[in-house]
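Residue strings, one per chain:
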Amino acid sequence: MPDNVDLPAVNAWTQFGRLLKVVVGRADPTSCHLPVEPACQSEINDPYLAEQIPWPGGQVKHRKSTKLAEAQLQNFCHILESETVQVKSVREAAECGRLVEKRRTEALRSNTKENDARVFQKGRTRTLRTKSMDWSKPVAGPEWSSPSQYCATCPRDTMITLGNTILEATMSKRSRYFEHLACREICLDLWRQDPLRIKFWSAPKPSMSDEMYNPGFWAKTDEERFQSMRSYEFCVNEKEPIFDAADITRVGKDIFVQKSMTTNDSGIMWLKSHFPELRVHALHFPYDLYPSHIDCTFVPLRPPGKDREDGLVLINPERPPLRAELELWSQNGWKMLNAPMPATLDRPAFSQSSYWLSMNLLSLSPSTLVIEEAELPLYNLLSENGFDVITVPMRGMYEFGGAIHCCTWDLQRDDACTDYFP
Ligand code: ARG
């Protein structure tokens, strides 16, 4: 595929245009567990272990965890950088899943397709890494302090490219207030390459004071939360504009922003007022009682084709979107595709994400996707829908806040400000 030589060094309008340049996060040895704070009450999700020890906070002590996550990130970079990649056959994919867990193996066994392993010409994606930092240092502002930071495994959460603009999100957690600094050099370098075409912006940094948060939120039971489900009140209130970058998904001229624990209505309004060239839409997922980051919930895969073939969005069957908000999509030729259940429901004890990291995929183009290597049900669904599916191991990242999509930040895609909702 010839490179589009005219593209600015920063250019990403969609989630699915051909990916030319990307940032991949880093699992530093000083990576920390999310500390408990008003925006976050971390919990050990293994009930036996949770009885034995309190939430650890501070630096991740088990060095094997950070080493594994970093090895998987490096392997991913290598695959992104390669011109070609060996696509596994379904049988090989099943083999690799079998090594991991029993439940997963059961899902994989049901597969009977012929051996279709092949070398796939994917094209090179230039890959940059976030900078190493000491995450174990305490940080503070005038009205708050945090005993440690978090890590920069997930640049997706802090940074977003909107067209030719690099935007640092406000963030919602104190421990993540300075995380964007791991991307600062990349931003400055890109902006200096073409300062008249590329914008580099930071959204207003919130005070992170106690008044920004709803004090009663964490005291509610799930039942109470369920009752007030449609009021969409989460741990941040509306005092200041708040958004995490990962609550946004791009579809050309339109961007969609999830109201969540990490994004409030004022944050969505800030985006509207600062990006008048885009149409900014709010999305609500009433069944997600702890929503945060849209990439395990609603994932646009490809736009409607010229021959009237449907556009596709992968959606989370446990968190269906509001029906009224889907009309815009169905009227414009998009179809919702339910993600299959993950190959396993197990997660690492310290993971604060759900098992739906299974659908946290990265598009390399409208026809090529990268998914976690054990997710055979998803592999089959996407293959049946005409995608080339590349698999990589990424479960080491599950205790560091994300998976294949979270650990990246798109800098350049071969796409444009197309109107997919005319
Ligand atoms: N909160 C999501 C879930 O538990 C995980 C989102 C991860 N995404 C990210 N960009 N860090 O399903």
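None of these values were measured; they are calculated from a predicted model.

## Some thoughts on the sheet that holds strand S17 (residues 368-372)
- Read across the sheet, three strands follow the order S16-S17-S18 without closing on themselves; strand pairing throughout is mixed. Among the strands making up the open sheet, the edge pair consists of strand S16 (362-365) and strand S18 (388-392). Each adjacent strand pair in this sheet contributes to an overall mean axis angle of 30 degrees, direction not counted.
- Relative to S17, S16 runs antiparallel, the two sharing three bridges. Note on S17: the bridge partner recorded for Ser 365 is Thr 368.

## Structural notes on the sheet that holds strand S12 (residues 279-283)
- A sheet is described by the order of its strands in space; here three strands give the open sequence S10-S11-S12, paired in mixed fashion. At either margin of the open sheet sits one strand with a lone partner, and together these are strand S10 (248-251) and S12. Adjacent strand axes in the sheet meet at a mean angle of 25 degrees when their direction is disregarded.
- Note: S10 against strand S11 (residues 254-258), four bridges, orientation antiparallel. Bridged to Val 251 within S11 is Asp 254.
- On the sheet, helix H8 (residues 265-274) packs against S10, S11 and S12 and is oriented at approximately 165 degrees with respect to S12.
- Here helix H9 (residues 323-331) sits on the sheet in contact with S10, S11 and S12, set at roughly 135 degrees to S12.

## Side note on unusual backbone geometry
- Despite not being glycine, Met 208 shows a phi value in the positive range, around 60 degrees.
- One can find Met 208 in the loop between strand S9 (199-202) and helix H7 (222-227).
- Given the relative accessible area of 0%, Met 208 is considered buried.
- Positive phi outside glycine occurs at Tyr 232, with the angle close to 50 degrees.

## Focus on the side chain of Gln 412
- Tracing the sequence through the fold places Gln 412 in strand S19 (residues 408-414).
- Not counting the four nearest positions on each side in its chain, Gln 412 is found in contact with Leu 7, Pro 8, Ala 9, Asn 11, Arg 18, Leu 19, Leu 20 and Lys 21.

## Considerations on the site of the ligand
- Near the ligand you find Arg 156, Asp 157, Ala 246, Ser 292, His 293, Asp 295, Cys 296, Arg 319, Ser 353, Ser 354, Gly 401 and Cys 406, and these make up its full shell.
- Here Asp 157 contributes a side-chain N or O atom positioned 2.8 Å from a nitrogen atom of the ligand.
- Separating a nitrogen atom of the ligand from a side-chain N or O atom of Asp 295 is a distance of 2.8 Å.
- In the complex, the protein chains occlude 92% of the 350 Å² of accessible area that the ligand would expose alone.
- Per-class residue counts for the shell around the ligand are three nonpolar, five polar and four charged.

## Notes on the environment of Glu 92
- Following the sequence through the fold, Glu 92 ends up in helix H3 (residues 90-98).
- The sequence separation of Glu 92 and Leu 382 amounts to 290 residues, and the corresponding C-alpha distance is 17 Å.

## Concerning the packing of aromatic side chains
- This model, assessed by the stated rule, comprises 19 aromatic pairs.
- Centroid distance Trp 329 to Phe 421: 4.9 Å. Interplanar angle 80 degrees. Geometry classified as edge-to-face. Here the residue Trp 329 occupies a position in helix H9, and Phe 421 occupies one in the segment after S19, the gap between them amounting to 92 residues.
- Ring centres of Trp 334 and Tyr 420 lie 6.3 Å apart, and the angle between their planes is 80 degrees; this geometry places the pair in the edge-to-face category. Of the two residues, Trp 334 sits in strand S15 (residues 334-338) while Tyr 420 sits in the segment after S19, which places them 86 residues apart along the sequence. Tyr 420 carries the same exposure label as Trp 334, and that label is buried.
- Members of the aromatic cluster, each reached through a chain of ring pairs, are Phe 16, Phe 256, Phe 285, Phe 298, Trp 329, Trp 334, Tyr 420 and Phe 421.
- When the ring centre of Tyr 177 is taken as origin, the NZ or CZ atom of Lys 205, which lies over that ring, is 5.0 Å away.

The rules we used
- Residues numbered from 1 in each chain as written.
- Predicted model: local features only at pLDDT ≥ 70, side-chain atom pairs only at ≥ 80, totals over all residues.
- Heavy atoms only, no water.
- Pairing = 2+ DSSP bridges.
- Helix = DSSP H or I, 4+ residues; strand = E, 2+ residues; numbered from the N terminus.
- Axes fitted to C-alpha atoms, helices over the stretch in contact; angles between N-to-C directions.
- Contact = heavy atoms within 4.5 Å.
- Buried < 20%, exposed > 50% of the residue type's maximum accessible area, 1.4 Å probe, protein only.
- Near = heavy atom within 4 Å.
- Polar contact = N/O pair within 3.5 Å; in protein donor to acceptor, adjacent residues only side chain to side chain.
- Areas by Shrake-Rupley, 256 points an atom, 1.4 Å probe, with all protein chains shown as cover.
- Nonpolar A, V, L, I, M, F, W, Y, C, P; charged D, E, K, R; others polar.
- Phe/Tyr/Trp six-rings, centres within 6.5 Å; stacked < 30°, edge-to-face > 60°.
- Lys NZ or Arg CZ within 6 Å of the ring centre and 35° of its normal.

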